Amino acid sequence: MKAPVILFILLAFLDQGSSLQCEVCHALGDSCSGSMETCSPGQDTCGIMKSETIVGEVKTLTYTKSCLTSDVCRNPFLSMDFGKGIRQRTSIACCTGEACRTTSVQRMSPLSFSPPHPPITGRLMPGSQL
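What counts, and where the lines are drawn
Per-chain numbering applies: the sequence of each chain, read as written, is numbered from 1 onward. Totals for whole chains, interfaces and linings use every residue, but because this is a predicted model, local features are given only for residues with pLDDT of at least 70 and side-chain atom pairs only at 80 or more, for both listing and counting. Working from all heavy atoms in the structure, the side-chain values ignore hydrogens and water. UniProt positions are given in the numbering used here, feature names are shortened, and annotations may be inferred rather than shown by experiment. Two cysteine sulfurs form what is called a disulfide whenever their separation falls within 2.5 Å. Secondary structure elements are taken from DSSP: a helix is a run of H or I of four residues or more, a strand is a run of E of two residues or more, and numbering for both begins at the N terminus. Exposure categories follow from relative accessible area, calculated using a 1.4 Å probe and restricted to protein chains: below 20% of the type maximum is buried, above 50% is exposed, and the middle band is partly exposed. Throughout, nonpolar core names a set of buried Ala, Val, Leu, Ile, Met, Phe, Trp, Tyr and Cys residues whose side chains join them through atoms within 4.5 Å. In this scheme, strands are said to pair when DSSP sees at least two bridges between them. To get an axis, fit a line to the C-alpha atoms, keeping to the stretch in contact for a helix; angles then go from 0 to 180 degrees between the N-to-C directions. Should a side-chain nitrogen of Lys or Arg be within 4 Å of a carboxyl oxygen of Asp or Glu, the pair is scored as a salt bridge.

Per an unreviewed UniProt entry, the protein carries the name Phospholipase A2 inhibitor subunit gamma B-like isoform X1 and comes from Alligator sinensis. For the record of the protein, the UniProt heading Sequence similarities (unreviewed entry) holds the text "Belongs to the CNF-like-inhibitor family." Under the Subcellular location (unreviewed entry) heading, UniProt states for the protein: "Secreted".

What follows is the structure, given as structure tokens:
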């Protein structure tokens, strides 16, 4: 009976030692620093995200480091247009272990927003009303 209990305790310690840890922080500007935190199950990589939010003529840059799922790393650039002059673009760099100390987001995603759809125009038929 003692062997299974000892094996369970040993495996619990081994599992804790292999958990991914990432620096976690969020700040305005071009960098941030924070504490190392253990990632949740399923989060298998660390990520560094640089975002630029544009509201009219005002641009705000934010920098975030956190645990991520590696599927986020497949598309490192994201651009969104929310309409009414509100846009956001984000670039992501993924890393694990010691590589995170030197990894940085080198460039922002391109601003590739589609222009608004042109208005539908046409002629009214004689006798028709709007």
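After that view, the rundown keeps rolling.
Here the focus is the state of the cysteines. Enumeration over the complete set of coordinates arrives at 5 disulfides. For Cys22, the disulfide goes to Cys46, at an S-S distance of 1.9 Å. Disulfide Cys22-Cys46: torsion about the S-S bond near -90°, hence left-handed. In this pair, Cys22 is assigned in strand E1 (residues 21-28) and Cys46 in strand E3 (residues 45-55), connecting sequence segments 24 residues apart. Note that Cys25 is cross-linked by a disulfide to Cys32, the S-S spacing being 2.0 Å. Every disulfide takes its handedness from the sign of the S-S torsion; for Cys25 and Cys32 that torsion is 55°, giving right-handed. Accessibility assignment for this pair places Cys25 and Cys32 in one class, buried. Across the protein, the way the bonded cysteines pair up, counted in sequence order, is 1-5, 2-3, 4-6, 7-8, 9-10.

One finds Cys22, Cys25, Cys32, Cys39, Cys46, Ile48, Tyr63, Cys67, Ala93, Cys95, Cys100 and Val105 forming the largest nonpolar core, which totals 12 residues. Of all elements in the fold, only E1, E3, strand E4 (58-68) and strand E6 (86-95) reach the threshold of two or more residues within this core.

Moving on to the sheet that holds E1. With antiparallel pairing, the 6 strands of this open sheet are ordered in space as E2-E1-E4-E3-E6-E5. Either end of the sheet is taken by a strand with one partner, and the two such strands are strand E2 (35-38) and strand E5 (77-83). Strand after strand, the sheet turns through a mean of 25° between neighbouring axes, direction not considered. Pairing analysis gives 11 bridges linking E3 to E4, with the strands arranged antiparallel.

Using the criterion set out here, one finds 3 salt bridges in the structure. For Lys50, the salt bridge is made with Asp30, and the minimal N-O distance between the two is 3.1 Å. Here Asp30 lies in the loop between E1 and E2 and Lys50 lies in strand E3, a separation of 20 residues in the sequence. Between Glu52 and Arg89 there is a salt bridge, with its nearest N and O atoms 2.7 Å apart.

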